[in-house]
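Chain by chain, the residues run as shown.
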Amino acid sequence: MNREIVLSTLRERLAVPARLFPLLMLFLLPLMYAYLPVDVEQPLGPFLQAMLIWTLGAGIVGEDASSGVMLLVFARPIRRSEYVFSKWAALAVAAAVFLVSQDAAYAAIRMWRGREMQAAAVLARMLEHLTLAAGASAVLVLFSCLIQGSKEITGIMIAWFATWVLRIVGQVWAWPVATAVGEELSASILPSFSPVAAFAGDPAALGAVAAWASTLVLALGVAVFVLSRKELSYAAS
């Protein structure tokens, strides 16, 4: 992992005004639920969190490839695996900060409005979002290695929408196979698990840990392989 690439990526991700506005909106929208008088499920919460990560990481590798920046990076003694892991680490850290800060802000607003918040539940949610940040960032880096520019967001959204359609079809037509496939593919695009449940020995949570770890390793491994086979130029189209 290269410290310079991590820091420069973090600066670049937060230096574009066109990216900051949607990030701010995606950060604030879920907080509206904190003002409701009763506790409710956030139906758009997972989608908004996914959009936040995808917006933050749009073009994280593809823009470097299409602009020719990547060729300058590899003019130095930097391995492509080191580049991929550094990009993933930068995105995972930035996404984790956003998601955990969002959880803290939600809890603070609820307590300010006189609602009871269990510290253990808030911590469990934060820990789960840390795993989401790491897992979803790895998948996005893979898509960004496969697709130049910022078009990987279109690709990953189409893939996620396809999993949603599969789940709906399975539920409407009572096809459990379609539902199961949709759920598994969706979990592969946005991998996460509950560390609290895993530490408690919950079998389902332990299975989720294995799925999360395998998805993360596979995504980064394939990303390194794709990047090692990619021909670089100063004017990639």
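Please refer to the structure higher up on the page.
Okay, the overall build of the chain next. Secondary structure summary: the chain contains 11 helices and 0 strands in total. Ordering the α and β elements of the chain from the N terminus gives α-α-α-α-α-α-α-α-α-α-α. Out of the 237 residues belonging to the chain, those deemed buried represent 45%. Expressed as a percentage of contacts within the chain between residues at least 6 apart in sequence, the contacts between residues at least 24 apart total 77%. Accessible surface for the chain amounts to roughly 12400 Å². Of this, 71% is attributable to carbon and sulfur atoms.

On to the packing of aromatic side chains. Applying the stated criterion across every chain yields a total of 6 aromatic pairs. Pairing Phe27 with Phe98 gives two aromatic rings, centres 6.4 Å apart and planes at 70°, and the pair type is edge-to-face. Note that Phe27 is positioned in helix α2 (residues 17-28) and Phe98 in helix α6 (residues 80-112), a separation of 71 residues in sequence. Like Phe27, the residue Phe98 is buried in the burial classification.

Counting residues in hydrophobic clusters, the biggest one holds 64 residues, and the most contacted among them are Trp54, Val61, Tyr83, Val84, Trp88, Val141 and Leu190. Of all elements in the fold, only α1 (3-13), α2, α3 (45-57), α5 (69-73), α6, α7 (119-146), α8 (152-172) and α11 (203-229) reach the threshold of two or more residues within this core. Element by element, the count of residues in this core is highest for α6, at 14 residues. With residues near it in sequence (within four places) discarded, Val141 still touches Ile60, Val61, Val84, Lys87, Trp88 and Ala223.

All right, on to the packing of α2 against α3 then. In the contact formed by α2 and α3, the axes pass within 9 Å of each other and the chain directions differ by 160°. Relative to α3, α2 is oriented roughly antiparallel. At the point where α2 passes α3, the crossing takes the left-handed sense. Taking contact as the criterion, the partners of Arg19, Pro22, Leu23, Leu26 and Phe27 in α2 are, on α3, Leu48, Met51, Leu52, Thr55 and Leu56. Taken together, the residues that form the contact of α2 with α3 break down as 8 nonpolar, 1 polar and 1 charged.

Attention shifts here to α11. Between the first and last C-alpha of α11 there are 39 Å, a value that for 27 residues agrees with the 39 Å anticipated at 1.5 Å per step. Of all the positions in α11, only Ala205, Trp212, Thr215, Leu216, Ala219, Leu220, Ala223, Val224, Val226 and Leu227 are classed as buried. Close packing links the buried residues of α11 with α5, α6, α7, α9 (176-189) and α10 (195-199). Where α11 starts, the residue carrying a side-chain oxygen 3.3 Å from the main-chain nitrogen of Ala204 turns out to be Asp202.

Basis of the calculations
Residues numbered from 1 in each chain as written. Predicted model: local features only at pLDDT ≥ 70, side-chain atom pairs only at ≥ 80, totals over all residues. Heavy atoms only, no water. Helix = DSSP H or I, 4+ residues; strand = E, 2+ residues; numbered from the N terminus. Buried < 20%, exposed > 50% of the residue type's maximum accessible area, 1.4 Å probe, protein only. Contact = heavy atoms within 4.5 Å. Areas by Shrake-Rupley, 256 points an atom, 1.4 Å probe, with all protein chains shown as cover. Phe/Tyr/Trp six-rings, centres within 6.5 Å; stacked < 30°, edge-to-face > 60°. Core = buried A, V, L, I, M, F, W, Y, C linked by side-chain atoms within 4.5 Å. Axes fitted to C-alpha atoms, helices over the stretch in contact; angles between N-to-C directions. Parallel < 35°, antiparallel > 145°, perpendicular 65-115°, else oblique. Left-handed = near helix turned anticlockwise from the far one by under 90°. Nonpolar A, V, L, I, M, F, W, Y, C, P; charged D, E, K, R; others polar. Expected span 1.5 Å × (residues − 1). Polar contact = N/O pair within 3.5 Å; in protein donor to acceptor, adjacent residues only side chain to side chain.

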